[in-house]
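Structure assessment
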Amino acid sequence: MKTLLILVSMLSFLMADDINRLESILDDISKLEVKYSACKDEVKSKTLSVLQSDIFDTQTLQKSCREQEQKLLEFKNILASKDEFTQELQNKVKQLSDKIINVLQEQKGITSHITDKTKFLEEKYKEILKIKDIEIKNLKSKVNAAKISALECIKVFEKPNKFPKLMMKKEYSQEN
């Protein structure tokens, strides 16, 4: 009987521990079910918001695309008008240069032997080039003079050393 009583008490302790484990497992399962349903609801709401934001983004992108196309057309029109304006300005520059050449020809009295405008301009540029060549020669001579003075400075610093070569005491006694 004692053994039976001990056996029953042991079984009750073992069964009590299993009941606690089962209860904790059931609690965990119920918590997981609650979390699962919460996550499921959250995923549904997020997918809806993502889909709505994607639709919103595509609509805003379409609007911005239309705006960009309108700006592009405006810039194309401005570019076309600029091209026309530059062409007009080039024509005016050409006319003014022709007038300037005519005035210069009349002032110098060169119209008799120079009828071609390009030859007239060529002569003007040749005169300018001659002046520039003279300036270049002057600058080269200045540069050469500076080089000569630099060489003289170097020669001054290359004077021979007046002091005798230093030697060790032993070397000096061996030579003498």
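Scoring rules and cut-offs
Residues numbered from 1 in each chain as written. Predicted model: local features only at pLDDT ≥ 70, side-chain atom pairs only at ≥ 80, totals over all residues. Heavy atoms only, no water. Helix = DSSP H or I, 4+ residues; strand = E, 2+ residues; numbered from the N terminus. Buried < 20%, exposed > 50% of the residue type's maximum accessible area, 1.4 Å probe, protein only. Areas by Shrake-Rupley, 256 points an atom, 1.4 Å probe, with all protein chains shown as cover. pLDDT = per-residue confidence, 0-100.

Moving on, we come to the overall build of the protein. Scanning the protein for helices and strands turns up three helices and zero strands. Taken across its 176 residues, the protein has 3% of its residues classed as buried. Of the roughly 17,200 Å² of accessible surface on the protein, 64% is carried by carbon and sulfur atoms.

Let's shift gears to the confidence of the model for the protein. The predicted model of the protein has a mean per-residue pLDDT of 76, with 72% of residues at 70 or higher. Within the protein, helix 3 (residues 169-175) has the poorest average pLDDT of any element, 70, and helix 1 (residues 2-108) the best, 79.

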